[in-house]
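Take a look at the letters that make up each chain.
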Amino acid sequence: MEKQLVRLISREEIAAAVKRLAREIDRDSENRSLVVIGILKGSFIFIADLVRNLETPLLAIEFTRLSSYGSATVSSGRAEILAGLPEEAVRGQNVIVVEDIVDTGITTATLLEYLQGYRPADLKLCTLLDKPSRRRVEVKIDYRGFTVPDRFIVGYGIDFDERYRQLPEIYTLEE
């Protein structure tokens with residue numbers, strides 16, 4: 001059966017949330033330089049918009065890649081780091097991890113634990129979307145754009161089997 005896209009969040013709502021999140025990060029950073037770490041591939045559009053709205057100086061923008069879904073719509077229950085980061089990018093730095101969506105929390109918790117091993121000065125999490133109804137591992141979210149229902153989400157960088165990333169708005173994928 002073909003899946004149908006149902007709009008959940010408009011581009012205007014996304015833009016307003018991104019600006020709000022950037023203001024919150026700027027407020028909390030107190031002009032301390034940041035290292036922003038994006039999780040590929042889903043966060044690439046969000047991170048680009050977010051950093052363009054930040055006034056806080058950035059030391060670096062880094063990317064890592066993890067996977068817990070593959071081509072399925074349900075998490076495998078474990079996350080694997082597919083592309084790590086150099087320790088010197090994190091050690092002693094004020095780090096903000098930028099996620100597209102925190103769902104089960106497995107991928108996010110795996111990355112945060114990995115980064116803690118590099119002893120950053122500060123480690124915070126910013127996510128555009130939070131789906132707490134699916135949480136299996138608790139993670140502290142410092143900056144949250146939207147709380148979303150337990151539906152499969154696509155658009156604005158988020159995919160289903162590599163499709164739908166280019167959509168400028170956020171949709172649920174319905175049967």
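How each quantity is defined
- Residues numbered from 1 in each chain as written.
- Predicted model: local features only at pLDDT ≥ 70, side-chain atom pairs only at ≥ 80, totals over all residues.
- Heavy atoms only, no water.
- Helix = DSSP H or I, 4+ residues; strand = E, 2+ residues; numbered from the N terminus.
- Rg over C-alpha atoms; globule rule 2.2 N^0.38 Å.
- Buried < 20%, exposed > 50% of the residue type's maximum accessible area, 1.4 Å probe, protein only.
- Contact = heavy atoms within 4.5 Å.
- Pairing = 2+ DSSP bridges.
- Core = buried A, V, L, I, M, F, W, Y, C linked by side-chain atoms within 4.5 Å.

**Focus on the overall build of the protein chain**
Tallying secondary structure elements over the protein chain gives 3 helices and 9 strands in all. Mapped from its N terminus to its C terminus, the protein chain presents α and β elements in the order β-α-β-α-β-β-β-α-β-β-β-β. Against the globule reference of 16 Å for 175 residues, the protein chain gives a C-alpha radius of gyration of 15 Å, in line with a compact fold. Summarising its shape, the C-alpha atoms of the protein chain cover approximately 50 × 35 × 25 Å along the three principal directions. Scored against the burial criterion, the 175 residues of the protein chain give a buried share of 50%. Across the protein chain, every contact between residues at least 6 apart in sequence was considered, and the portion connecting residues at least 24 apart equals 68%.

**Details of the sheet that holds strand E9 (residues 170-174)**
The antiparallel open sheet is built from 3 strands, whose spatial order is E1-E9-E8. Both edges of this open sheet fall to strand E1 (4-9) and strand E8 (153-154), since each of them pairs with a single strand only. Examined bridge by bridge, E1 and E9 share 5 bridges and lie antiparallel to one another. Of the residues in E9, the one forming a bridge with Leu 5 is Leu 173.

**With respect to helix H3 (residues 106-116)**
For H3, the full list of buried residues reads Ile 106, Thr 107, Thr 108, Ala 109, Leu 111, Leu 112 and Leu 115. Along its buried surface, H3 packs onto strand E2 (34-40), strand E3 (58-67), strand E5 (94-102) and strand E6 (122-130).

**Description of the nonpolar core**
One broad trend across soluble globular proteins is that nonpolar side chains are buried collectively. Grouped together as the largest cluster of nonpolar side chains are 27 residues, with contacts concentrated most on Ile 25, Phe 46, Leu 50, Cys 126, Leu 129 and Ile 170. Of all the secondary-structure elements, those providing two or more residues to this core are helix H1 (11-29), E2, helix H2 (44-53), E5, E6 and strand E7 (143-147). A per-element tally of this core places H1 first, with 6 residues. Excluding anything up to four places from it in sequence, Cys 126 contacts Leu 21, Ile 25, Phe 46, Leu 50, Ile 96, Val 97, Val 98, Glu 99 and Tyr 143. Val 35, Ile 37, Val 97 and Ala 109 belong to the second-largest nonpolar core, a separate cluster that totals 19 residues.

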